[in-house]
Amino acid sequence: MFSEDGMFRRIVKWSAVSLGVLLTLLVVAVLGALSPGLYNRFSYFPREKAAWQQLAKSRVEAGVNTGWNEYKGSIHSHSEISHDSDTSFPDIQKALKGIGSNFIMMSDHYVDGKADYSLGWKGDHDGILFIRGFEMDHGLMPWGLPDSTVFDAKEEVRAEAKRIRELGGVVAYAHCEETKERDWDLPELEAMEIYNIHATMLKHKTEKMVLWKMLATVLTCYNGYADQCFYSLFERPDEVLRRWDDLNVSRHISGFGGNDTHQNAGLKGMYTADGNLLLSDTGHKFEEKEKGGAIRLNFLTRSLLRMVYGPLEPGRQLFRYDLDNYVRSALYVRTHLLAKNLTEPDLVDALRAGRGFVSFDMVADGTGFVFMAQGAQNRAVMGESIKMEPGLALKAFSPCKGRFMLLHNGIKVDEQEGREYDFTPKETGKYRIEVYLNVLGKDQLWLMTNPIAVTN
(Lines give C-alpha, C1' and ligand atoms only; values in the text may rest on other atoms or scores of the structure.)
Protein backbone atom coordinates (compact mmCIF):
# COMPACT_ATOMS: atom_id res chain seq x y z
CA MET A 1 0.00 0.00 0.00
CA PHE A 2 1.08 3.55 -0.63
CA SER A 3 2.25 5.59 2.35
CA GLU A 4 0.53 8.83 3.14
CA ASP A 5 3.68 10.75 2.09
CA GLY A 6 3.80 8.86 -1.21
CA MET A 7 0.14 9.52 -1.90
CA PHE A 8 0.56 13.21 -1.09
CA ARG A 9 3.55 13.49 -3.42
CA ARG A 10 1.59 11.83 -6.23
CA ILE A 11 -1.36 14.16 -5.72
CA VAL A 12 0.94 17.20 -5.78
CA LYS A 13 2.78 15.85 -8.83
CA TRP A 14 -0.34 15.16 -10.88
CA SER A 15 -1.96 18.41 -9.77
CA ALA A 16 1.11 20.29 -10.98
CA VAL A 17 1.13 18.37 -14.25
CA SER A 18 -2.59 19.00 -14.75
CA LEU A 19 -2.17 22.70 -13.99
CA GLY A 20 0.76 22.87 -16.38
CA VAL A 21 -1.24 21.19 -19.12
CA LEU A 22 -4.18 23.53 -18.55
CA LEU A 23 -1.93 26.59 -18.62
CA THR A 24 -0.25 25.33 -21.80
CA LEU A 25 -3.61 24.72 -23.44
CA LEU A 26 -4.74 28.18 -22.35
CA VAL A 27 -1.62 29.82 -23.81
CA VAL A 28 -2.03 27.84 -27.05
CA ALA A 29 -5.71 28.81 -27.23
CA VAL A 30 -4.92 32.50 -26.69
CA LEU A 31 -2.10 32.45 -29.24
CA GLY A 32 -4.34 30.61 -31.70
CA ALA A 33 -7.15 33.14 -31.24
CA LEU A 34 -4.74 36.05 -31.68
CA SER A 35 -2.75 34.43 -34.49
CA PRO A 36 -4.21 36.65 -37.28
CA GLY A 37 -3.20 39.73 -35.34
CA LEU A 38 0.19 38.34 -34.32
CA TYR A 39 1.03 37.52 -37.92
CA ASN A 40 0.11 41.06 -38.95
CA ARG A 41 1.98 42.58 -36.00
CA PHE A 42 5.28 40.82 -36.51
CA SER A 43 5.26 40.05 -40.24
CA TYR A 44 2.80 41.64 -42.65
CA PHE A 45 2.21 45.13 -41.22
CA PRO A 46 5.93 45.99 -40.78
CA ARG A 47 6.53 45.04 -44.42
CA GLU A 48 3.40 46.89 -45.57
CA LYS A 49 4.42 50.02 -43.67
CA ALA A 50 7.87 49.89 -45.25
CA ALA A 51 6.29 49.46 -48.71
CA TRP A 52 4.14 52.54 -48.19
CA GLN A 53 7.20 54.52 -47.11
CA GLN A 54 9.02 53.40 -50.24
CA LEU A 55 6.09 54.53 -52.40
CA ALA A 56 6.34 57.98 -50.82
CA LYS A 57 10.06 58.15 -51.61
CA SER A 58 9.53 57.04 -55.22
CA ARG A 59 6.91 59.71 -56.08
CA VAL A 60 7.68 61.80 -59.16
CA GLU A 61 5.60 64.89 -59.84
CA ALA A 62 3.94 64.69 -63.25
CA GLY A 63 4.09 68.44 -63.71
CA VAL A 64 1.21 68.51 -66.21
CA ASN A 65 -0.72 71.79 -66.40
CA THR A 66 -4.47 71.15 -66.67
CA GLY A 67 -5.46 74.80 -66.41
CA TRP A 68 -7.00 74.10 -62.99
CA ASN A 69 -5.76 74.14 -59.41
CA GLU A 70 -5.94 70.87 -57.47
CA TYR A 71 -7.47 70.80 -53.99
CA LYS A 72 -7.77 67.71 -51.80
CA GLY A 73 -9.96 67.08 -48.81
CA SER A 74 -12.65 65.19 -46.94
CA ILE A 75 -16.24 64.70 -48.01
CA HIS A 76 -18.88 63.24 -45.68
CA SER A 77 -17.60 64.02 -42.18
CA HIS A 78 -19.17 64.64 -38.78
CA SER A 79 -18.56 67.03 -35.88
CA GLU A 80 -19.89 67.61 -32.38
CA ILE A 81 -23.10 68.82 -34.06
CA SER A 82 -23.91 65.15 -34.74
CA HIS A 83 -25.23 62.93 -31.97
CA ASP A 84 -22.53 60.31 -32.57
CA SER A 85 -19.40 62.46 -32.64
CA ASP A 86 -17.80 64.74 -30.06
CA THR A 87 -15.11 66.23 -32.32
CA SER A 88 -14.82 70.02 -32.14
CA PHE A 89 -14.26 72.19 -35.20
CA PRO A 90 -10.84 73.43 -33.97
CA ASP A 91 -9.75 69.78 -33.61
CA ILE A 92 -10.98 69.02 -37.14
CA GLN A 93 -9.09 72.02 -38.52
CA LYS A 94 -5.91 70.96 -36.74
CA ALA A 95 -6.17 67.38 -38.05
CA LEU A 96 -6.68 68.45 -41.66
CA LYS A 97 -3.94 71.07 -41.50
CA GLY A 98 -1.50 68.45 -40.28
CA ILE A 99 -1.97 66.19 -43.32
CA GLY A 100 -2.03 68.89 -45.98
CA SER A 101 -5.73 68.81 -46.82
CA ASN A 102 -7.42 71.91 -48.23
CA PHE A 103 -11.13 71.48 -47.54
CA ILE A 104 -13.84 69.54 -45.77
CA MET A 105 -17.48 69.11 -46.77
CA MET A 106 -19.37 68.36 -43.58
CA SER A 107 -22.33 65.99 -43.33
CA ASP A 108 -23.68 66.26 -39.81
CA HIS A 109 -26.81 64.50 -38.65
CA TYR A 110 -30.13 66.22 -37.95
CA VAL A 111 -30.34 68.37 -34.84
CA ASP A 112 -33.80 68.05 -33.26
CA GLY A 113 -35.10 66.69 -36.54
CA LYS A 114 -33.73 69.51 -38.67
CA ALA A 115 -30.85 70.05 -41.08
CA ASP A 116 -30.00 73.65 -40.27
CA TYR A 117 -27.37 75.18 -42.56
CA SER A 118 -26.63 78.01 -40.13
CA LEU A 119 -24.82 75.56 -37.81
CA GLY A 120 -21.11 74.87 -37.73
CA TRP A 121 -18.02 76.46 -39.23
CA LYS A 122 -18.07 77.94 -42.70
CA GLY A 123 -15.40 79.42 -44.94
CA ASP A 124 -11.64 79.57 -44.53
CA HIS A 125 -10.16 78.71 -41.15
CA ASP A 126 -6.38 79.03 -41.31
CA GLY A 127 -6.13 77.45 -44.75
CA ILE A 128 -8.89 74.85 -44.41
CA LEU A 129 -12.16 75.58 -46.24
CA PHE A 130 -15.22 74.38 -44.31
CA ILE A 131 -18.42 73.73 -46.28
CA ARG A 132 -21.60 73.06 -44.34
CA GLY A 133 -23.66 69.98 -45.09
CA PHE A 134 -26.00 67.39 -43.61
CA GLU A 135 -26.56 63.67 -44.08
CA MET A 136 -30.31 63.54 -44.51
CA ASP A 137 -33.01 60.94 -44.97
CA HIS A 138 -33.18 58.92 -48.22
CA GLY A 139 -29.38 59.21 -48.54
CA LEU A 140 -29.41 62.86 -49.62
CA MET A 141 -26.27 64.80 -48.70
CA PRO A 142 -26.30 68.25 -50.35
CA TRP A 143 -23.75 71.09 -50.24
CA GLY A 144 -23.66 74.65 -51.52
CA LEU A 145 -26.91 75.80 -49.89
CA PRO A 146 -27.66 79.22 -48.36
CA ASP A 147 -27.10 79.59 -44.61
CA SER A 148 -30.84 80.14 -44.12
CA THR A 149 -31.71 76.67 -45.47
CA VAL A 150 -33.52 74.31 -43.09
CA PHE A 151 -34.83 70.84 -43.96
CA ASP A 152 -37.14 68.81 -41.78
CA ALA A 153 -36.51 65.11 -41.30
CA LYS A 154 -38.75 62.68 -43.18
CA GLU A 155 -39.51 65.05 -46.06
CA GLU A 156 -40.32 63.36 -49.35
CA VAL A 157 -37.10 62.74 -51.31
CA ARG A 158 -38.19 64.23 -54.63
CA ALA A 159 -39.51 67.36 -53.01
CA GLU A 160 -36.23 67.76 -51.12
CA ALA A 161 -34.13 67.19 -54.24
CA LYS A 162 -36.16 69.71 -56.22
CA ARG A 163 -35.74 72.30 -53.47
CA ILE A 164 -31.97 71.65 -53.25
CA ARG A 165 -31.63 72.22 -56.97
CA GLU A 166 -33.72 75.41 -56.83
CA LEU A 167 -31.49 76.76 -54.05
CA GLY A 168 -28.35 76.10 -56.08
CA GLY A 169 -27.06 73.11 -54.09
CA VAL A 170 -25.57 69.91 -55.47
CA VAL A 171 -27.86 66.86 -55.10
CA ALA A 172 -25.68 63.98 -53.91
CA TYR A 173 -26.27 60.51 -52.47
CA ALA A 174 -24.36 58.96 -49.55
CA HIS A 175 -24.11 55.26 -48.66
CA CYS A 176 -24.79 54.07 -52.17
CA GLU A 177 -24.31 50.46 -51.07
CA GLU A 178 -27.89 50.77 -49.78
CA THR A 179 -29.17 50.17 -53.30
CA LYS A 180 -32.80 49.38 -52.47
CA GLU A 181 -33.16 52.55 -50.38
CA ARG A 182 -32.15 54.96 -53.14
CA ASP A 183 -34.32 56.47 -55.86
CA TRP A 184 -31.88 55.98 -58.73
CA ASP A 185 -34.27 57.65 -61.20
CA LEU A 186 -34.14 60.90 -59.23
CA PRO A 187 -33.97 63.57 -61.98
CA GLU A 188 -31.93 66.01 -59.88
CA LEU A 189 -29.24 63.50 -58.83
CA GLU A 190 -25.79 64.88 -59.74
CA ALA A 191 -23.23 63.08 -57.57
CA MET A 192 -22.83 59.91 -55.55
CA GLU A 193 -20.45 58.42 -53.02
CA ILE A 194 -18.45 55.71 -54.78
CA TYR A 195 -16.58 54.57 -51.67
CA ASN A 196 -17.42 54.51 -47.95
CA ILE A 197 -15.44 52.53 -45.38
CA HIS A 198 -18.47 51.93 -43.15
CA ALA A 199 -20.04 49.93 -45.97
CA THR A 200 -17.29 47.33 -45.59
CA MET A 201 -17.69 47.22 -41.82
CA LEU A 202 -21.45 46.81 -42.06
CA LYS A 203 -21.05 44.13 -44.72
CA HIS A 204 -19.11 41.97 -42.27
CA LYS A 205 -20.95 42.79 -39.05
CA THR A 206 -22.64 39.37 -38.96
CA GLU A 207 -19.53 37.40 -39.95
CA LYS A 208 -18.10 36.33 -36.60
CA MET A 209 -14.78 35.09 -37.96
CA VAL A 210 -14.16 38.35 -39.82
CA LEU A 211 -15.07 40.39 -36.75
CA TRP A 212 -12.78 38.33 -34.54
CA LYS A 213 -9.91 38.64 -37.01
CA MET A 214 -10.41 42.41 -37.02
CA LEU A 215 -10.55 42.57 -33.20
CA ALA A 216 -7.46 40.37 -32.85
CA THR A 217 -5.61 42.63 -35.27
CA VAL A 218 -6.56 45.79 -33.38
CA LEU A 219 -5.64 44.27 -29.99
CA THR A 220 -2.20 43.22 -31.15
CA CYS A 221 -1.31 45.89 -33.71
CA TYR A 222 -2.86 49.22 -32.68
CA ASN A 223 0.32 50.45 -31.05
CA GLY A 224 2.68 50.95 -33.95
CA TYR A 225 0.44 49.94 -36.85
CA ALA A 226 -2.89 51.71 -36.36
CA ASP A 227 -2.94 52.95 -39.97
CA GLN A 228 -2.42 49.43 -41.26
CA CYS A 229 -5.18 48.15 -38.94
CA PHE A 230 -7.55 50.71 -40.39
CA TYR A 231 -6.60 50.02 -43.99
CA SER A 232 -7.02 46.27 -43.52
CA LEU A 233 -10.80 46.85 -43.80
CA PHE A 234 -10.47 47.95 -47.44
CA GLU A 235 -12.42 46.28 -50.22
CA ARG A 236 -13.11 47.46 -53.75
CA PRO A 237 -16.79 48.58 -53.80
CA ASP A 238 -17.73 46.41 -56.79
CA GLU A 239 -21.51 46.84 -56.64
CA VAL A 240 -21.40 50.59 -56.10
CA LEU A 241 -18.96 51.11 -58.97
CA ARG A 242 -21.12 48.93 -61.23
CA ARG A 243 -24.16 51.06 -60.37
CA TRP A 244 -22.18 54.26 -60.97
CA ASP A 245 -20.97 53.09 -64.39
CA ASP A 246 -24.47 52.01 -65.41
CA LEU A 247 -25.93 55.39 -64.47
CA ASN A 248 -23.22 57.25 -66.36
CA VAL A 249 -23.99 55.47 -69.63
CA SER A 250 -27.09 57.63 -70.08
CA ARG A 251 -26.53 60.61 -67.77
CA HIS A 252 -23.86 62.50 -65.84
CA ILE A 253 -23.28 61.45 -62.22
CA SER A 254 -20.00 62.49 -60.63
CA GLY A 255 -18.30 60.30 -58.02
CA PHE A 256 -16.59 61.19 -54.76
CA GLY A 257 -15.04 59.38 -51.79
CA GLY A 258 -16.85 59.25 -48.47
CA ASN A 259 -14.65 59.51 -45.39
CA ASP A 260 -17.68 59.15 -43.10
CA THR A 261 -15.48 60.34 -40.25
CA HIS A 262 -17.02 60.33 -36.78
CA GLN A 263 -13.97 59.69 -34.58
CA ASN A 264 -16.11 57.35 -32.51
CA ALA A 265 -14.71 53.88 -33.26
CA GLY A 266 -12.63 53.67 -30.13
CA LEU A 267 -12.60 53.38 -26.35
CA LYS A 268 -11.91 55.83 -23.54
CA GLY A 269 -11.87 55.50 -19.77
CA MET A 270 -12.40 57.97 -16.93
CA TYR A 271 -11.70 57.63 -13.21
CA THR A 272 -14.90 58.38 -11.29
CA ALA A 273 -15.49 60.20 -8.03
CA ASP A 274 -16.35 56.93 -6.26
CA GLY A 275 -13.09 55.29 -7.32
CA ASN A 276 -14.20 53.23 -10.29
CA LEU A 277 -13.54 53.18 -14.05
CA LEU A 278 -16.15 54.47 -16.48
CA LEU A 279 -15.81 53.31 -20.09
CA SER A 280 -17.36 54.94 -23.15
CA ASP A 281 -16.99 54.87 -26.92
CA THR A 282 -15.12 57.84 -28.32
CA GLY A 283 -18.15 59.37 -29.99
CA HIS A 284 -19.98 60.36 -26.83
CA LYS A 285 -19.30 62.26 -23.65
CA PHE A 286 -18.90 60.35 -20.39
CA GLU A 287 -22.20 59.70 -18.65
CA GLU A 288 -22.14 57.91 -15.29
CA LYS A 289 -25.77 57.01 -15.76
CA GLU A 290 -24.96 55.08 -18.92
CA LYS A 291 -26.36 51.57 -19.11
CA GLY A 292 -23.96 49.17 -17.43
CA GLY A 293 -22.41 51.86 -15.23
CA ALA A 294 -18.77 51.89 -14.24
CA ILE A 295 -16.37 48.98 -13.77
CA ARG A 296 -15.77 48.43 -10.05
CA LEU A 297 -12.12 48.55 -9.10
CA ASN A 298 -10.33 46.88 -6.19
CA PHE A 299 -6.94 47.58 -4.63
CA LEU A 300 -5.08 45.52 -7.24
CA THR A 301 -6.82 46.86 -10.37
CA ARG A 302 -6.67 50.41 -9.03
CA SER A 303 -2.94 50.04 -8.43
CA LEU A 304 -2.44 48.69 -11.95
CA LEU A 305 -4.30 51.67 -13.46
CA ARG A 306 -2.20 54.07 -11.40
CA MET A 307 1.00 52.35 -12.51
CA VAL A 308 0.04 52.53 -16.21
CA TYR A 309 -1.82 55.85 -16.45
CA GLY A 310 -0.53 57.93 -13.53
CA PRO A 311 -2.49 59.80 -10.83
CA LEU A 312 -6.11 58.68 -10.38
CA GLU A 313 -7.98 61.95 -10.05
CA PRO A 314 -11.80 62.02 -10.09
CA GLY A 315 -13.07 63.12 -13.50
CA ARG A 316 -9.71 62.54 -15.21
CA GLN A 317 -9.70 60.75 -18.55
CA LEU A 318 -7.10 58.03 -18.15
CA PHE A 319 -6.90 56.80 -21.72
CA ARG A 320 -8.38 57.15 -25.17
CA TYR A 321 -7.79 54.88 -28.15
CA ASP A 322 -9.14 56.10 -31.50
CA LEU A 323 -9.05 53.71 -34.44
CA ASP A 324 -10.78 56.25 -36.70
CA ASN A 325 -9.31 59.52 -35.48
CA TYR A 326 -9.72 62.48 -37.83
CA VAL A 327 -6.15 62.39 -39.11
CA ARG A 328 -6.37 58.69 -39.99
CA SER A 329 -9.84 58.84 -41.53
CA ALA A 330 -9.12 62.00 -43.52
CA LEU A 331 -5.88 60.58 -44.94
CA TYR A 332 -7.26 57.11 -45.63
CA VAL A 333 -9.32 58.31 -48.60
CA ARG A 334 -9.40 61.78 -50.13
CA THR A 335 -11.27 63.41 -52.96
CA HIS A 336 -9.10 65.59 -55.20
CA LEU A 337 -10.97 68.33 -57.07
CA LEU A 338 -9.89 70.60 -59.91
CA ALA A 339 -11.14 74.15 -59.45
CA LYS A 340 -10.12 77.74 -60.10
CA ASN A 341 -10.02 78.80 -56.46
CA LEU A 342 -10.41 77.39 -52.96
CA THR A 343 -13.93 78.71 -52.46
CA GLU A 344 -17.23 77.01 -51.71
CA PRO A 345 -18.84 77.90 -55.08
CA ASP A 346 -15.78 76.68 -57.01
CA LEU A 347 -15.47 73.38 -55.12
CA VAL A 348 -19.20 72.65 -55.29
CA ASP A 349 -19.04 73.33 -59.03
CA ALA A 350 -16.05 70.95 -59.36
CA LEU A 351 -17.90 68.26 -57.40
CA ARG A 352 -20.99 68.65 -59.55
CA ALA A 353 -18.94 68.50 -62.74
CA GLY A 354 -16.86 65.53 -61.58
CA ARG A 355 -13.57 67.32 -62.13
CA GLY A 356 -11.52 65.12 -59.89
CA PHE A 357 -10.61 61.71 -58.58
CA VAL A 358 -10.65 59.59 -55.44
CA SER A 359 -7.40 58.19 -54.06
CA PHE A 360 -6.40 56.23 -51.00
CA ASP A 361 -3.76 58.64 -49.81
CA MET A 362 -2.88 56.60 -46.74
CA VAL A 363 -1.12 54.22 -49.13
CA ALA A 364 0.28 56.90 -51.46
CA ASP A 365 -0.58 60.56 -52.02
CA GLY A 366 -2.44 60.97 -55.30
CA THR A 367 -1.67 64.68 -55.60
CA GLY A 368 -0.66 65.60 -59.14
CA PHE A 369 -2.42 62.72 -60.90
CA VAL A 370 -3.90 63.78 -64.24
CA PHE A 371 -6.38 62.10 -66.58
CA MET A 372 -7.24 64.04 -69.73
CA ALA A 373 -8.29 63.77 -73.37
CA GLN A 374 -6.19 65.58 -75.94
CA GLY A 375 -7.39 66.44 -79.45
CA ALA A 376 -5.88 68.55 -82.21
CA GLN A 377 -7.44 71.74 -80.87
CA ASN A 378 -9.31 70.83 -77.70
CA ARG A 379 -8.60 69.23 -74.36
CA ALA A 380 -10.80 67.84 -71.58
CA VAL A 381 -10.14 66.68 -68.03
CA MET A 382 -12.13 64.36 -65.78
CA GLY A 383 -15.80 65.30 -65.66
CA GLU A 384 -15.68 67.10 -68.99
CA SER A 385 -16.59 66.04 -72.54
CA ILE A 386 -14.78 66.17 -75.87
CA LYS A 387 -15.79 65.33 -79.42
CA MET A 388 -14.40 62.27 -81.17
CA GLU A 389 -11.86 63.19 -83.85
CA PRO A 390 -8.92 61.52 -85.61
CA GLY A 391 -5.89 61.38 -83.32
CA LEU A 392 -7.85 61.91 -80.12
CA ALA A 393 -5.88 60.43 -77.23
CA LEU A 394 -6.68 59.62 -73.62
CA LYS A 395 -3.67 60.34 -71.43
CA ALA A 396 -2.87 59.90 -67.76
CA PHE A 397 0.13 60.87 -65.65
CA SER A 398 0.74 59.39 -62.21
CA PRO A 399 3.21 60.34 -59.46
CA CYS A 400 3.47 56.62 -58.61
CA LYS A 401 4.24 53.73 -60.90
CA GLY A 402 1.17 51.51 -61.20
CA ARG A 403 -1.16 49.50 -63.37
CA PHE A 404 -3.64 51.64 -65.30
CA MET A 405 -6.99 50.06 -66.10
CA LEU A 406 -9.23 51.90 -68.57
CA LEU A 407 -12.98 51.31 -68.43
CA HIS A 408 -15.36 52.24 -71.24
CA ASN A 409 -18.97 52.48 -70.00
CA GLY A 410 -17.90 50.30 -67.06
CA ILE A 411 -16.17 47.60 -69.15
CA LYS A 412 -12.40 47.14 -69.05
CA VAL A 413 -10.90 47.84 -72.48
CA ASP A 414 -7.19 48.33 -71.79
CA GLU A 415 -4.37 47.95 -69.27
CA GLN A 416 -0.91 49.50 -69.15
CA GLU A 417 1.83 49.79 -66.54
CA GLY A 418 4.09 52.68 -65.67
CA ARG A 419 3.72 56.33 -64.70
CA GLU A 420 2.17 57.47 -67.97
CA TYR A 421 -0.78 56.16 -69.95
CA ASP A 422 -1.83 56.69 -73.57
CA PHE A 423 -4.82 55.24 -75.41
CA THR A 424 -6.63 56.02 -78.67
CA PRO A 425 -10.40 55.62 -78.25
CA LYS A 426 -12.36 54.17 -81.17
CA GLU A 427 -15.86 54.60 -79.73
CA THR A 428 -17.84 57.33 -78.06
CA GLY A 429 -18.90 56.89 -74.44
CA LYS A 430 -17.63 57.42 -70.89
CA TYR A 431 -14.01 56.57 -70.12
CA ARG A 432 -12.56 56.40 -66.63
CA ILE A 433 -9.36 55.04 -65.12
CA GLU A 434 -8.52 52.94 -62.07
CA VAL A 435 -4.91 52.67 -60.93
CA TYR A 436 -3.55 49.72 -58.97
CA LEU A 437 -0.29 49.73 -56.98
CA ASN A 438 1.74 46.62 -56.39
CA VAL A 439 2.25 46.30 -52.63
CA LEU A 440 4.05 43.20 -51.38
CA GLY A 441 3.19 41.32 -54.55
CA LYS A 442 -0.52 42.22 -54.52
CA ASP A 443 -2.31 44.74 -56.72
CA GLN A 444 -4.24 47.20 -54.57
CA LEU A 445 -6.80 49.66 -55.92
CA TRP A 446 -5.33 53.08 -55.28
CA LEU A 447 -7.11 55.65 -57.42
CA MET A 448 -10.39 56.09 -59.32
CA THR A 449 -11.05 58.97 -61.71
CA ASN A 450 -14.31 60.47 -62.79
CA PRO A 451 -15.11 59.72 -66.44
CA ILE A 452 -14.36 61.78 -69.53
CA ALA A 453 -17.22 61.74 -72.05
CA VAL A 454 -16.20 61.23 -75.69
CA THR A 455 -19.10 62.39 -77.86
CA ASN A 456 -20.05 62.54 -81.52
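The structure we're discussing is the one just above.
The rules we used
Residues numbered from 1 in each chain as written. Predicted model: local features only at pLDDT ≥ 70, side-chain atom pairs only at ≥ 80, totals over all residues. Heavy atoms only, no water. Helix = DSSP H or I, 4+ residues; strand = E, 2+ residues; numbered from the N terminus. Contact = heavy atoms within 4.5 Å. Patch = residues over 30% accessible without salt bridge, like charges linked within 9 Å, V, L, I, M, F, W, Y side chains within 5 Å. Areas by Shrake-Rupley, 256 points an atom, 1.4 Å probe, with all protein chains shown as cover. Salt bridge = Lys/Arg side-chain N within 4 Å of Asp/Glu carboxyl O. Buried < 20%, exposed > 50% of the residue type's maximum accessible area, 1.4 Å probe, protein only. Pairing = 2+ DSSP bridges. Axes fitted to C-alpha atoms, helices over the stretch in contact; angles between N-to-C directions. Polar contact = N/O pair within 3.5 Å; in protein donor to acceptor, adjacent residues only side chain to side chain. Core = buried A, V, L, I, M, F, W, Y, C linked by side-chain atoms within 4.5 Å. 1 Å grid on protein atoms, 1.4 Å probe; cavity = no way out; pocket = protein on both sides within 12 Å on 5 of 7 lines; lining within 4 Å. Points joined across faces, edges and corners; volume = space filled by probe spheres on them. Nonpolar A, V, L, I, M, F, W, Y, C, P; charged D, E, K, R; others polar. Phe/Tyr/Trp six-rings, centres within 6.5 Å; stacked < 30°, edge-to-face > 60°. Lys NZ or Arg CZ within 6 Å of the ring centre and 35° of its normal. Arc of directions from axis to C-beta.

Enquirer: Break down the side chain of Thr149 for me, citing the residues and quoting the values.
Expert: Along the chain, the position of Thr149 falls in the loop between β5 (128-131) and β6 (150-152). What Thr149 contacts, discounting residues up to four positions off in sequence, is Ala115, Asp116, Tyr117, Arg163 and Leu167.

Enquirer: Tell me about a nonpolar patch on the surface, and name the residues and values.
Expert: Judged by side-chain polarity, Leu300, Leu304, Met307 and Val308 come together as a nonpolar surface patch covering roughly 440 Å² of accessible area. Within the secondary structure layout, Met307 lies in helix α7 (residues 299-309). Residue classification places Met307 among the exposed residues on the basis of a relative accessible area of 64%.

Enquirer: Now, about the sheet that holds strand β11 (residues 277-281): what can you tell me, with residues and values included?
Expert: Taken in spatial order, the 3 strands make up an open sheet running β11-β10-β12, and their pairing is antiparallel. Because the sheet does not close on itself, it has two edges, and the strands there are β11 and β12 (317-322). Averaged over all neighbouring strand pairs, the angle between strand axes comes to 15°, with direction disregarded. Contacts from α7 reach β10 (266-271), β11 and β12, with the element oriented near 70° to β12.

Enquirer: Give a description of α7 that names residues and reports values.
Expert: N-capping of α7 is provided by Asn298, with a side-chain oxygen placed 3.0 Å from the backbone N of Leu300. Residue Gly310 follows α7 closely and has a positive phi angle near 90°.

Enquirer: Quick one: what's the story with the side chain of Ser107, residue by residue and with numbers?
Expert: The topology assignment puts Ser107 in the loop between β2 (103-106) and β3 (114-116). Residue Ser107 is classed as buried on the basis of its relative accessible area of 0%.

Enquirer: Residues and numbers for the nonpolar core, please.
Expert: Judged by nonpolar contacts, the single largest core of 82 residues is most densely connected at Tyr173, Met192, Tyr332, Phe369, Phe371 and Ile433. Broken down by element, the residue count for this core peaks at 8 residues, all from strand β18 (residues 393-408). If you look at the next biggest cluster of nonpolar residues, it comprises 19 residues, including Tyr71, Leu129, Ala172 and Ala350.

Enquirer: Outline empty space enclosed by the protein, listing residues and values.
Expert: Here the structure, examined in full by the defined rule, presents 3 cavities of 30 Å³ or more. Lining the second largest cavity we find Trp244, Asp245, Asn248, Val249, Leu407, Asn409, Gly410, Lys430, Arg432 and Pro451. Breaking the lining of the second largest cavity down by element, the ones donating at least two residues are α6 (238-250) and β20 (429-439). The element best represented in the lining of the second largest cavity is α6, accounting for 4 residues. Class assignment for the residues of the lining of the second largest cavity results in 4 nonpolar, 3 polar and 3 charged.

Enquirer: Can you lay out the packing of aromatic side chains for me, pointing to particular residues and giving the numbers?
Expert: If you walk through the whole model with that rule in mind, you get 21 aromatic pairs. With a centroid separation of 6.0 Å and 55° between ring planes, the pair formed by Tyr231 and Tyr332 is classed as tilted. Taken as a pair, Tyr231 in helix α5 (residues 208-231) and Tyr332 in helix α8 (residues 326-332) lie far apart in primary sequence, 101 residues in all. The same class applies to Tyr231 and to Tyr332, which are both buried. Plain terms: the ring middles of Tyr309 and Phe319 are 5.1 Å apart, the flat faces sit at 35° to each other, and that makes the pair tilted. Remark: Phe319 occurs in strand β12 and Tyr309 occurs in helix α7; sequence separation between them is 10 residues. Owing to a relative accessible area of 22%, Tyr309 belongs among the partly exposed residues under this scheme. On the accessibility criterion, Phe319 (10% relative accessible area) is buried. Three or more aromatic residues joined by ring pairs form one cluster here, namely Trp52, Tyr195, Phe230, Tyr231, Phe234, Tyr332 and Phe360. The ring centre of Trp68 lies 5.0 Å from the NZ or CZ of Lys340, which sits over that ring.

Enquirer: Quick one: what's the story with the pattern of salt bridges, residue by residue and with numbers?
Expert: Taken as a whole and assessed by the stated rule, the structure comprises 26 salt bridges. One salt bridge connects Arg432 with Asp245, and the closest N-O pair in it is separated by 2.8 Å. On the criterion of sequence distance, the pair formed by Arg432 in strand β20 and Asp245 in helix α6 is long-range, its members being 187 residues apart. When the shortest N-O distance is used, the salt bridge between Asp365 and Arg334 registers 3.9 Å. Taken together, the positions of Asp365 in the loop between β14 (356-359) and β15 (370-374) and Arg334 in strand β13 (residues 334-339) put the pair 31 residues apart, joining distant regions of the chain. In this structure Arg334 comes out as buried when scored by relative accessible area, which is 1%. Shared partners join several salt bridges into a network, and the residues in it are Arg236, Asp238, Asp245, Arg432 and Glu434.

Enquirer: Account for the sheet that holds strand β8 (residues 191-196), with residues named and values stated.
Expert: Read across the sheet, 3 strands follow the order β7-β8-β9 without closing on themselves; strand pairing throughout is parallel. Sheet topology places β7 (172-173) and β9 (254-258) at the edges, where each strand pairs with a single neighbour. In the sheet, β7 pairs with β8 via 2 bridges, with the strands oriented parallel. Directly across from Ala172, in β8, lies its bridge partner Ala191.

Enquirer: Describe the pairing of β9, with residues and values.
Expert: The buried fraction of β9 is high, at 5 of 5 residues. Sheet topology note: the β8/β9 ladder contains 5 bridges and is parallel. In the strand pairing of β9, Tyr195 is matched with Gly257.

Enquirer: Tell me about helix α3 (residues 157-166), and name the residues and values.
Expert: When we look at burial in α3, the residues that qualify are Val157, Glu160, Ala161 and Ile164. Along the long axis of α3, the arc covered by the buried residues comes to 95°, so they all point the same way. Buried-residue contacts for α3 involve β6 and β7. Two to three positions downstream of the cap, the backbone nitrogen of Arg158 sits 3.0 Å from a side-chain oxygen, assigning the N-cap of α3 to Glu156. Just downstream of α3 lies Gly168, where phi reads positive at about 90°.

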